[in-house]
Amino acid sequence: MNKKKILVGILFLIIMIGTNLLAIFHEEKVQDISVDLHIICEAKNDLGIQTYYKQEDYSDEKFSSNHMINTNATKDAGMNDYDVALPGDVTAVRINTSNYMMDNIEYSKVYLSYKDEVIEEYNISQEYYNPEEKSYTWNVDNVRTKEVVTSARSIRNIVLKILVCLIIDVLLIVIWVKLDSILAIPKDVFSNRKLIGSLAKNDFKQKFAGSYLGTVWAFVQPIITVLVYWFVFEKALNVGTQSTKAGIGIPFVLWLIAGLVPWFFFSEVIASGTNALIEYNYLVKKVVFKISTLPVVKAISSLFVHFFFVVFTIILYSCYSYFPSFYTLQLIYYSFCMFILSLGLIYAFSAIMVFFRDLAQIVNVILQIGMWMTPIMWNMDAMANRIPGWAVTILKLNPMYYIVNGYRDALYNNVWFWERPGMTAYFWILTVIVLVGGMAIFRKLQQHFADVL
C-alpha cells in the first residue's frame, strides 16, 4: 500500500468520524414534523370548517389566510372526527365556519395529537369563543408538543442515525478500496479538460446549426414554456400567489420559475447525455480518443443555457423586489449538486443505450413523470394536508425535490442548505452512489462500445 492511499485513508477516516458525530448529535426540527388537530363535531348540513394556525416564526398578531386549511364537514349521523395536519411548531389554532353555518354545527371535542399520543385537549367554552368572528381560538403549548414528538420518535431516530452511519461508513470504505478504478474517469476528464471545453462549445452550437436564429432558440424555447405554464396556471386557472411554510405569499411566476430552471437543465442533460455515445459514435471508434469524456461534454454544453436562466431568474425576482442576498449564492451549490447527479445518471444511461436503444424512450417517459413527481407545478407545502404522510416521504426521496426546494430556499425562503442536514445527507449519499455506480457501469461496458457501434 503506497503512502498516497494511506493519506487518503486517513482523510476518509476523519470524514467518517466527523459525519458520524454529526449524525449522532443531529436533532430533528419539530417544524418539519406534522401533528394532527382532531375536530369532533356534529354537522346538520354540509359545511366547511376553516382551521387557522400560527407558527413560532410567525410575527403577525392576526391569523393569515396563508395559514388556513379548509376541512369539508359533510352531513352524517352521529359525531364526525376531522383530522387536520399542522406543522409541529404550531403556537395557536383557530377554527370557525361561515356565519350562516354556525347554527348547523356543534363542537364536541378538539385536541392535538401526534401518532396516538394526545398532546393537548382544548376547552370549548365562551372563554375561547369570539362572537365577532364566530370562532374558537386556543394557544398551543409547543413545549409539550416538542416533548411528545421527541419521545415518540426517539427509537426511530436512534435506528435512523445508526443506519445513516453504517451507510456512510460502508460507502467511504468501498470508495477507498476501489479508489484507483473510481478515479480513472475523473483523471481522464481532468487531463482532457481543454478538449472537453472545445467539444462542449461546439456541441452547443451544433444543436441549432443551419437555423437563422442559431443558438437563440436555446433560450427562446424555455422562455416560451415558462410563459405558457404561467398563463395556464395563474391566468386561466387563477392559481394566484403560493404560500410557503413560513406563510410567505409569493407571486406564482416566481415560484414556478424557481422550479422550472433547474428542471430544464436536468431534463436536457439526461435526454442529450443518454444519446452521447450514439451521437459521437465516430469518436468512440477512435482508439486514441478518451470516450469517458463524452458524457461530461453533454453536461457542460447544457450549462450555457442554465447559467443564462439563473441570471434571468435573479433579474425577474429583482423586478418583483426580491433582490439577491447571500442566500442567493447557494444557486452555485445547488447547480453543482445537480451537475454531479446528472453526470452519474448519464454515465450509466449512455453506456446502456449502446446495447439497448429503447432506453432513450424510457428515459423520456420517466422525465415526463418525474416533472410532475417533483413539486414544480404544484405546491407540496400547500397540499401536504391532503397527501398521506407516506406519499410525502416517497415524493421527497426524489433527489430533484432537494434541488428544486434548494433553489426556492436560495431565492426567497432564505434558508441555508446546512439547515436541512437530513435532506442534504440523503442527497449526497444517493448522488455519490449514483456517480460511482454510473462510472462503474460505463467502465465495465466501455470495451464493447466500438464493436456494437
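Structural data are supplied above this passage.
Quick caveat: nothing in here was measured; it's all calculated off a predicted structure. (Residues numbered from 1 in each chain as written. Predicted model: local features only at pLDDT ≥ 70, side-chain atom pairs only at ≥ 80, totals over all residues. Heavy atoms only, no water.)

### Remarks on unusual backbone geometry
Inference 1: One non-glycine residue, Ser321, lies in the positive phi region at around 70°.
Inference 2: Exposure remark for Ser321: the relative accessible area of 54% places this residue in the exposed category.
Inference 3: Positive phi is not limited to glycine here, since Asn414 has a value of about 55°.
Inference 4: Mapped onto the elements, Asn414 comes out in the loop between helix H16 (399-413) and helix H17 (421-445).
Inference 5: A residue is classified by how much of its surface remains accessible, and Asn414, at 37% relative accessible area, is partly exposed. (Buried < 20%, exposed > 50% of the residue type's maximum accessible area, 1.4 Å probe, protein only. Helix = DSSP H or I, 4+ residues; strand = E, 2+ residues; numbered from the N terminus.)

### Some points on the packing of aromatic side chains
Inference 1: What the rule picks out here adds up to 21 aromatic pairs.
Inference 2: The positively charged end of Arg193 is found above the aromatic ring belonging to Phe190, 4.3 Å away from the centroid. (Phe/Tyr/Trp six-rings, centres within 6.5 Å; stacked < 30°, edge-to-face > 60°. Lys NZ or Arg CZ within 6 Å of the ring centre and 35° of its normal.)

### Focus on helix H12 (residues 330-353)
Inference 1: Between its first and last C-alpha atoms H12 spans 34 Å; for 24 residues at 1.5 Å apiece the expected length is 34 Å, and the two agree.
Inference 2: Counting buried positions over the 24 residues of H12 gives 19, a clear majority of the element. (Expected span 1.5 Å × (residues − 1).)

### Comments concerning the pairing of strand S6 (residues 105-114)
Inference 1: Within S6, seven of the ten residues are buried, which leaves it mostly tucked inside the rest of the structure.
Inference 2: In this sheet, S6 lies alongside strand S1 (residues 34-43) in antiparallel orientation, the contact comprising eight bridges. For His38, the partnering residue across the bridge sits in S6 and is Tyr111.
Inference 3: Here five bridges tie S6 to strand S7 (residues 117-122), and the two strands are oriented antiparallel to one another. Bridged to Val110 within S7 is Tyr122.
Inference 4: Hairpin connection between S6 and S7: a loop of two residues separates the two successive antiparallel strands, and Lys115 in this loop has a positive phi of roughly 60°. (Pairing = 2+ DSSP bridges.)

So yeah, pure geometry; function would need other evidence.
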